[in-house]
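Single-letter residue listing:
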Amino acid sequence: MRSEPVVQVQALVKRYGTKTAVDGLDLVAKTGVTAVLGPNGAGKTTTVETCEGYRKPDSGTVRVLGLDPVRQSAELRPRIGVMLQSGGVYSGARAGEMLRHVAKLHAHPLDVDALIERLGLGSCGRTGYRRLSGGQQQRLALAMAVVGRPELVFLDEPTAGLDPQARRATWDLVRDLRADGVSVILTTHHMEEAEELADDVAIIDGGRVIAQGSPEELCKGGAENTLRFTGRPGLDVGSLLKALPADCTAAELTPGAYRVVGKVDPQLLATVTSWCAQHGVMPDRISVERHTLEDVFLEMTGKELRS
Amino acid sequence: MTTATGTYAPKPGAAPLPRMIAAQAALETKMLLRNGEQLLLTVVIPTLLLVLFGSVDIVDTGKGRAVDFLAPGILALAVMSTAFTGQAIATGFERRYGVLKRLASSPLPRWGLMTAKTASVLVTEILQVILLTVIAFALGWSPHGNPAAVLLLLILGTAAFSGLGLLMAGTLKAEATLAAANLVFLLLLVGGGVIVPLDKFGPAAQHVLALLPISALSGGLRDVLQHGAGTPWGDLGILAVWAVVGLAAAGKFFRWE
């Protein structure tokens, strides 16, 4: 595996008129899968499109596979695969025809028929683009991004609007790309997608990267975790609280549903269960909630991702 | 669904340039010939006009057989329908649907895409000229003149109309391009000496209309093919100016997204 970054963005600024879309963004993506996560309007697409050579930075530097995407575009383009957020296909073209065409622009393309089969597009090879479903159009765009056997693939919202099954198919392909040594940069506003796929996650808000790390690293940081259980309604929460470490909180959220927030470790779990034993409570549905990227995001930005 | 490991292992590379351009030109031509509205403009309308006005005496086309007057005008119309109207509409929608954007990140360079578009226009024009020539001969056409002058007129006419078509496609919204390109087609069909002789208009209007690219092309073709004139430098000059201005403006103002 190479160690130099596949994408290196330094102090990128991009404005559209008076609106600053990207505001001093720094991002380093290494070999593997990097998810760029953020709400709509955070600057994800602008950042990715600058890496693809579509937009010229107002200031800052961008290097992709060591190349300047604008000045060294001719050298870079054969080495990357691009999936746009939408469109990109002649409205009169058939799915298979378009994919075959993109394959012809490359020196060593993938087997088109196998790729069509793989993405479940076998039934629509002769179907015109306009008559494909949204999910089929998305998968065709994905196929067009990978058919040229690139080193690095940019996927802008690859599963937006897909049903769960199609989303799985896309995820499986991303995993296979990764396993075969293709690096992937994907933008998403789905936490689950970032957690499932990414080696590295960059959280973007307001045109800047506000946190970056592996999903585990990001989830570990700072925030409290949660333990939940159900028992009979009206337990003495005050008594439970006394048994817990000082920085914990406990509450009965709805009758019979209890929540403890604090540093959840084996000791805390033992404390709660032994308190339950002393009070003759069977803690049904006891669960420990891992801190999710969703929570991390909420804490850092005060915003819901899917808003 | 599993795939053998290594299937996706990177092996990047652009195809050789001539192969990319040929593939692109083939696809563009296929898209054009598959599109019903485009065929209506490029094939059905010129053919119908030629057959209708060539066999029924509706418009007073002056002395001589109607087809000798009409065939050069219809050839000019065919060039305009493909290089201007068809290309403007197709490119406008390619821009709107992100096709131009997607191709811009493919290994095909932009000038390669434009070369392919030109090749596709030329292939379509060759098919049109063959079809219309056969029909004109069947109607008793007897052309004169130097084929080289005809070729030069067709090429400069194509360049002039391509520049204007791409300028429109690259600056207006797709729907606006669709409407405007069809409107211009209709206006120039009537006022550009295609089926109606320019001297049917008043003397002042005539002089202005004669400066239009369609009038220069139809007039130049008619001078050569109907009257056996030498190289029509005046008309070639007008077309050259339109070509330079149109292509330069398209190069400057064309927006890819």
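Below is a short write-up of the structure. The shown structure was predicted, so the numbers you read here are calculated from the model rather than taken from an experiment. (Residues numbered from 1 in each chain as written. Chains lettered and ligands numbered in written order. Predicted model: local features only at pLDDT ≥ 70, side-chain atom pairs only at ≥ 80, totals over all residues.)

Let us look at the overall build of chain B. Secondary structure assignment for chain B yields 10 helices and 0 strands. In chain B, the order of α-helices and β-strands from amino to carboxyl end is α-α-α-α-α-α-α-α-α-α. Radius of gyration (C-alpha) of chain B: 20 Å, near the 18 Å computed for a compact globule of 257 residues. Expressed along its principal axes, the backbone C-alpha trace of chain B runs to roughly 75 × 35 × 30 Å. Among the 257 residues that make up chain B, the fraction classed as buried is 47%. In chain B, the share of contacts with a sequence separation of at least 24, taken over all contacts with a separation of at least 6, comes to 82%. (Helix = DSSP H or I, 4+ residues; strand = E, 2+ residues; numbered from the N terminus. Rg over C-alpha atoms; globule rule 2.2 N^0.38 Å. Buried ≥ 20, exposed ≤ 12 C-beta atoms within 10 Å, placed from the backbone. Contact = placed C-beta atoms within 7 Å.)

Right, let's get into the overall build of chain A. Helices and strands together make up the secondary structure of chain A, namely 11 helices and 13 strands. For chain A, the C-alpha atoms occupy an extent of roughly 75 × 45 × 40 Å along the three principal directions. Split into buried and exposed, the 307 residues of chain A put 44% on the buried side. Considering only intrachain contacts with a sequence separation of at least 6, the fraction spanning at least 24 residues in chain A is 69%.

A word on unusual backbone geometry. Residues and elements named next belong to chain A. You will see that Glu-157, though not glycine, has its phi angle at about 50°, which is positive. You can see Glu-157 is positioned in the loop between strand S6 (152-156) and helix H6 (164-179). Even without being glycine, Arg-285 reaches a positive phi, approximately 45°. Following the sequence through the fold, Arg-285 ends up in strand S13 (residues 284-289).

Our focus in this paragraph is the interface of chain A and chain B. Facing the 36 residues of chain A at the interface are 32 residues of chain B. Going through the elements one at a time, helix H3 (95-104) and H6 of chain A are the ones with two or more residues in the side of chain A that touches chain B. Looking at the side of chain A that touches chain B element by element, the count peaks at 4 residues for H6 of chain A. Looking at the side of chain A that touches chain B residue by residue, the classes come out as 15 nonpolar, 11 polar and 10 charged. (Nonpolar A, V, L, I, M, F, W, Y, C, P; charged D, E, K, R; others polar.)

Right, let's get into the sheet that holds strand S2 (residues 19-29) of chain A. By definition, the strands of a sheet pair up through backbone hydrogen bonds, in either a parallel or an antiparallel sense. All names here are of chain A. The 3 strands lie next to each other as S2-S1-S4, forming an open sheet whose pairing is antiparallel. Looking at the sheet topology across the chains shown, the edges are occupied by S2 and strand S4 (59-64). Between one strand and the next, the sheet's axes are offset by a mean angle of 25°, whatever the strand orientation. Note that strand S1 (residues 7-16) and S2 share 8 bridges and pair antiparallel. Considered in S2, the bridge of Lys-14 is made with Val-22. Along the sheet face, helix H1 (residues 44-51) touches S1, S2 and S4 and points at about 120° away from the line of S1. (Pairing = 2+ DSSP bridges. Axes fitted to C-alpha atoms, helices over the stretch in contact; angles between N-to-C directions.)

Moving on, we come to the nonpolar core. One finds Leu-99 and Ala-143 of chain A together with Met-80 of chain B to be the most contacted residues of the largest nonpolar core, which totals 143 residues. In contact with Met-80 of chain B, other than residues within four places in its own chain, are Thr-85, Phe-161, Phe-185, Leu-188 and Ile-214 of chain B. If you look at the next biggest cluster of nonpolar residues, it comprises 8 residues, including Leu-240, Ala-250, Tyr-258 and Val-272 of chain A. (Core = buried A, V, L, I, M, F, W, Y, C linked by C-beta atoms within 7 Å.)

Another aspect to go through is the sheet that holds strand S10 (residues 225-230) of chain A. Residues and elements named next belong to chain A. Judged by pairing direction, the sheet is antiparallel, and its 4 strands sit side by side in the order S11-S12-S10-S13 without closing on themselves. One side of each edge strand has no neighbouring strand; the edge strands of this open sheet are strand S11 (249-254) and S13. Strand-to-strand twist of the sheet, defined as the mean angle between neighbouring strand axes without regard to direction, takes the value 20°.

It is worth spelling out H3 of chain A at this point. In an α-helix, one turn spans 3.6 residues; hence positions three or four apart end up facing the same way. Of all 10 residues in H3 of chain A, 7 are buried; the element is thus mostly enclosed. Among all positions of H3 of chain A, only Ala-95, Met-98, Leu-99, His-101, Val-102, Ala-103 and Lys-104 of chain A are buried.

Here the focus is the packing of helix H6 (residues 147-171) of chain B against helix H10 (residues 233-253) of chain B. Residue and element names in this part refer to chain B. In contact at an axis separation of 8 Å, H6 and H10 are set at 30° when each is read in the N-to-C sense. Relative to H10, H6 is oriented roughly parallel. As H6 packs across H10, the resulting crossing turns out to be left-handed. Across the interface between the two elements, Leu-152, Leu-153, Leu-156, Gly-157, Ala-159, Ala-160, Gly-163, Leu-164, Leu-166, Leu-167, Gly-170 and Thr-171 of H6 pack against Asp-235, Leu-236, Leu-239, Ala-240, Trp-242, Ala-243, Gly-246, Leu-247, Ala-249, Ala-250 and Phe-253 of H10. Looking at the contact of H6 with H10, its residues break down into 17 nonpolar, 5 polar and 1 charged. (Parallel < 35°, antiparallel > 145°, perpendicular 65-115°, else oblique. Left-handed = near helix turned anticlockwise from the far one by under 90°.)

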